[in-house]
Amino acid sequence: MKKLTVWMMTLLMLSGCAFSEHPDGYEQIIEGKYFADQLPEEDLRRPERVIDSAEDFRTILDWMAFYRISDTVWFDVDKAYAEELFNPYTAFQKAYTSADLADVYAAHIDDTYYSDYRIVGISYSMSRDIASAPPEEITDTPVVPSFDYRKDGDYIYREDPEKRAVRCENGEQLYYLLMNGYTPVPEKGSTAEKLYAEAQSILHQIIRNDMSDFEKIKAVYDWLTTEVVYDSQTAYSSDTYLVKEQAYYAEGVFLNRCAVCDGKAKAYAILLNMLGIPCYRTTGVSEAGDHAWNMVQLDEKWYISCATYGQKNAEKTLGRILPDYSILLADRDTAYGDEWGYTAQKHADIASLLETEPYDVYGAMSEDGISRKAEDTADVRKLLEYAEQTSEREYKAEFVYTGDEPDNFENELIAYLETLKNVQAVPVRCKDGRAYAVICMKEEK
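Below is a short write-up of the structure. (Residues numbered from 1 in each chain as written. Predicted model: local features only at pLDDT ≥ 70, side-chain atom pairs only at ≥ 80, totals over all residues. Heavy atoms only, no water.)

Remarks on empty space enclosed by the protein
Okay, so step 1: Under the criterion given, the structure shown has two cavities of 30 Å³ or more.
Okay, so step 2: Taken as a whole, the largest cavity spans an internal volume of roughly 60 Å³.
Okay, so step 3: Lining the largest cavity we find A65, F66, R68, L101, V104, Y105, N170, E172 and Q173.
Okay, so step 4: Taken together, the residues of the lining of the largest cavity sort by class into five nonpolar, two polar and two charged.
Okay, so step 5: In this model, the second largest cavity occupies a volume close to 40 Å³. (1 Å grid on protein atoms, 1.4 Å probe; cavity = no way out; pocket = protein on both sides within 12 Å on 5 of 7 lines; lining within 4 Å. Points joined across faces, edges and corners; volume = space filled by probe spheres on them. Nonpolar A, V, L, I, M, F, W, Y, C, P; charged D, E, K, R; others polar.)

Okay, here's the thing in structure tokens:
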């Protein structure tokens, strides 16, 4: 009995030390409230009870969204951190905007007791009906692939045993785990299991074991811009209850091959991280509206990559959609300049590392002695002849002009292409110089 009494007194002393900085009446206020240390233990580590940084706020929001905790959960705010805050609501809003999963649901903060007791309550208005609605209509506008986009992969995805395994059920959880360095363990019969299996199948088709990291990134980008159409109907819908639309999730990409920017960005993060290539989804707002895109690491440098802007719409001029490589691995300003205008809200630490010059995409795409950098029409002729030999259907061949007389070159290019059948050049964006996509619409044999 004496030992038990000593143990209980020690525990009370430790508890008192932990919260000794709170004012009188704290114990009565917290009585009956659901604090973080009462949350269940899960595969993902439970957040700490005390918030002492902006990162803690983000971790809490993502953890609660991942496990769909709708109860109000209370947290103590560290005194030193509290002195840095303008107010807890502002800190909460920043965390909500920068978190990976939080923006799927409406989140709330209760700061009723903050000024007196430095505690806050966080809760979600949860919807379990997420990613349940497939698109009503999928466009049949054909996409013209690059001539080197092929489906002859032999890659087999293998999970990394060094990574922490975490169970999951849906696409949101799947993308979050892969992007943050975990091994997903989909529940049997779940949507996550279907998506994970489909992602593995896609990689097996388009990735070869002998590819460089650049070639792997390009192959995934080609697939997302060629095989997945943009869901314009959902994007411009007047329906405000968008949480149910599959187009905003990986479900839209892997189940329907039809998605908006957010679905493509999440699928991009899934596929590249499965290949061991760091890739983050981020979001931002500009005068053009909301947008989601990716930040991809190659050769220890970070670039913008956007499979939505990368699907060039040429329906009015060609009746086709074309993949555009100007934003395959772009610098922070992109070839779109002011038209881009987005500032990353998520993973700002990565955004601060973005390169100020784009990756040499055209140089990296050159192969077999065939250059994607043309100094004259003779170089273009070699490229098109090579593309013709390696393609079975209509295709496009991309190149950038690197000479000193761009206007003369363009006139010569037009004259040369007029001698060919069913071939047309389309100018594409390029930050430095002039770039073109030459479209060859092959006749059926």
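Read on, since the account is not over.
Details of the environment of I29
Okay, so step 1: Structurally, the position occupied by I29 is in helix α2 (residues 26-30).
Okay, so step 2: Sequence-wise, I29 and Y117 are 88 residues apart; in three dimensions their C-alpha atoms are separated by 8.2 Å. (Helix = DSSP H or I, 4+ residues; strand = E, 2+ residues; numbered from the N terminus.)

Some words on the sheet that holds strand β2 (residues 73-77)
Okay, so step 1: Strand order in this open sheet of four strands is β1-β2-β4-β3, and the pairing throughout is mixed. Two strands bound the open sheet, and with one partner strand each, they are β1 (50-51) and β3 (106-110). (Pairing = 2+ DSSP bridges.)

Section: the side chain of N294
Okay, so step 1: Along the polypeptide, N294 turns up in strand β10 (residues 289-298).
Okay, so step 2: Within the structure, N294 has its side chain in polar contact with the backbone oxygen of A265 (distance 2.9 Å).
Okay, so step 3: Not counting residues up to four positions away in its chain, the partners in contact with N294 are A265, Y268, A269, C279, Y280, R281, Y303, I304 and S305. (Polar contact = N/O pair within 3.5 Å; in protein donor to acceptor, adjacent residues only side chain to side chain. Contact = heavy atoms within 4.5 Å.)

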